[in-house]
Amino acid sequence: MKIRKYLVWATAILFISCATNPFTGKQTLALVPNSQILPMAFQQYNQFLGENKVVKGTSDAEMIKRVGQKIAKASERWLNANGYAGYLKDYQWEYNLVEDKAVNAWCMPGGKIVFYTGILPIAKDETGIAAVMGHEVAHALANHGQQRMSAAQIQQVAGVATAVAIQNKSQETQQIIGTAFGLGSQFGVMLPFSRSHETEADRIGLQLMAIAGYNPDEAANLWRRMKANSGGQAPPEFMSTHPSSDTRIRNLTEWAPAAKAEARKFGVTTFK
Ligand SMILES: [Zn+2]
């Protein structure tokens, strides 16, 4: 019977396609489990590092690592305290600064982070870096990249992941993963997150930076600087996928006290 067959399929899809976003409690689309996505993301990340100039040993590079470690720690503390211990078990955090004029930064699933030197002047200082880092890590933790891929693309990636060894994956699949998880400009495809994902990442990111000991009041200022820099001839990568609207700035200002309150639960009372 047709309807029964449909129901079986619908049920099956429901079972494989939902994961819980720990920050919102919402069910989200996850046709491909992290156990399949992460190895591909890790490989893509290593390839990216191999093809770009990684800055090592400078104070800026050290700063990216320091902030990254603090944000990672904050994520872990928050997740553990909220009943999601083990959520990051497949994560292999890495924080790299890459020599590139592009105003951009991203975090691939599994905690693979890249900051471009071009974003440093706008981030201005360690707290500004923390605001960007918190936001990008929030996208990764909330699995926004997976939801950024279309169902058809997810099926293709899943197909490749199960059918062949990871190193043999097609160019097209690499592109799908790359654009979905942050390396957009590498492939000439800018794929903005949805407005709801942006709002979610702003709110979560604000909490992460506060728990990490950074002043969440500074997030709104960071986006003000982004806004001031969004003019000019070529729209920088980060700004074209992250429009700095007045709504965003207003939200961040409004949510900062709640982020500080959240941080206090973790014994964090001073913010730099
Ligand atoms: Zn974003």
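Definitions and cut-offs
- Residues numbered from 1 in each chain as written.
- Predicted model: local features only at pLDDT ≥ 70, side-chain atom pairs only at ≥ 80, totals over all residues.
- Helix = DSSP H or I, 4+ residues; strand = E, 2+ residues; numbered from the N terminus.
- Buried ≥ 20, exposed ≤ 12 C-beta atoms within 10 Å, placed from the backbone.
- Contact = placed C-beta atoms within 7 Å.
- Pairing = 2+ DSSP bridges.
- Axes fitted to C-alpha atoms, helices over the stretch in contact; angles between N-to-C directions.
- Parallel < 35°, antiparallel > 145°, perpendicular 65-115°, else oblique.
- Left-handed = near helix turned anticlockwise from the far one by under 90°.
- Nonpolar A, V, L, I, M, F, W, Y, C, P; charged D, E, K, R; others polar.
- Expected span 1.5 Å × (residues − 1).
- Core = buried A, V, L, I, M, F, W, Y, C linked by C-beta atoms within 7 Å.
- pLDDT = per-residue confidence, 0-100.

Draft legend 1. Fine view of the environment of Ala263. The topology assignment puts Ala263 in helix α12 (residues 246-264). With 27 C-beta atoms counted inside 10 Å, the residue Ala263 sits in the buried group. Leave out the neighbours within four places in its chain, and Ala263 touches Ala210, Ile211 and Val268.

Draft legend 2. Expanded view of unusual backbone geometry. Although it is not a glycine, Lys124 adopts a positive phi angle of roughly 75°. By secondary structure assignment, the location of Lys124 is in the loop between α4 (120-123) and α5 (126-141). Positive phi, normally seen in glycine, also occurs at Asn143, with a value near 55°. With respect to the secondary-structure elements, Asn143 resides in the loop between α5 and α6 (144-148).

Draft legend 3. Layout of the sheet that holds strand β6 (residues 112-116). Spatially, β3-β4-β6-β5 is the arrangement adopted by the 4 strands of the open sheet, whose pairing is mixed. Looking at the sheet topology across the chains shown, the edges are occupied by β3 (54-55) and β5 (105-108). Bridge analysis of β5 against β6 gives 4 bridges, and the strand direction is antiparallel. For Met108, the partnering residue across the bridge sits in β6 and is Lys112. Against the sheet, helix α3 (residues 59-81) touches β3, β4 (94-98) and β6, its axis set at about 150° to β4.

Draft legend 4. The packing of α5 against helix α9 (residues 195-211), seen in detail. One can describe the packing of α5 onto α9 by two numbers: an axis separation of 7 Å at closest approach and a directional angle of 120°. Taken together, the axes of α5 and α9 are oblique relative to one another. In this structure, α5 crosses over α9, and the sense of that crossing is right-handed. Between α5 and α9, the contacting residues are Ala130, Ala131, Gly134, His135, Val137, Ala138, His139 and Leu141 on the first element and His197, Ala201, Asp202, Ile204, Gly205, Leu206, Leu208 and Met209 on the second. Within the contact of α5 with α9, the residues separate by chemical class into 10 nonpolar, 5 polar and 1 charged.

Draft legend 5. Focus on α9. Here α9 spans 25 Å end to end across 17 residues, near enough to the 24 Å set by a 1.5 Å rise per residue. In terms of residue burial, α9 counts as a mostly covered element, since 12 of its 17 residues are buried. Here α9 has its buried residues at Glu198, Glu200, Ala201, Asp202, Ile204, Gly205, Leu206, Gln207, Leu208, Met209, Ala210 and Ile211. The first or second residue beyond α9 is Gly213, which carries a positive phi of 95°.

Draft legend 6. View of the nonpolar core. Ranked by internal contacts, the top residues of the largest apolar core, which has 64 residues, are Ile71, Ala130, Leu208, Met209 and Ala219. Here this core gets 9 residues from one element, more than from any other, and that element is α5. Ala130 has contacts with Val67, Ile71, Met209, Ala212 and Tyr214, leaving out every residue within four places of it along the chain.

Draft legend 7. The arrangement of the confidence of the model for the protein in detail. Confidence along the protein averages 85 in pLDDT terms, with 84% of residues attaining 70 or more. A low-confidence stretch, residues 7-16 (pLDDT under 50), is modelled with 1 contact involving residues beyond four sequence positions or located in other chains.

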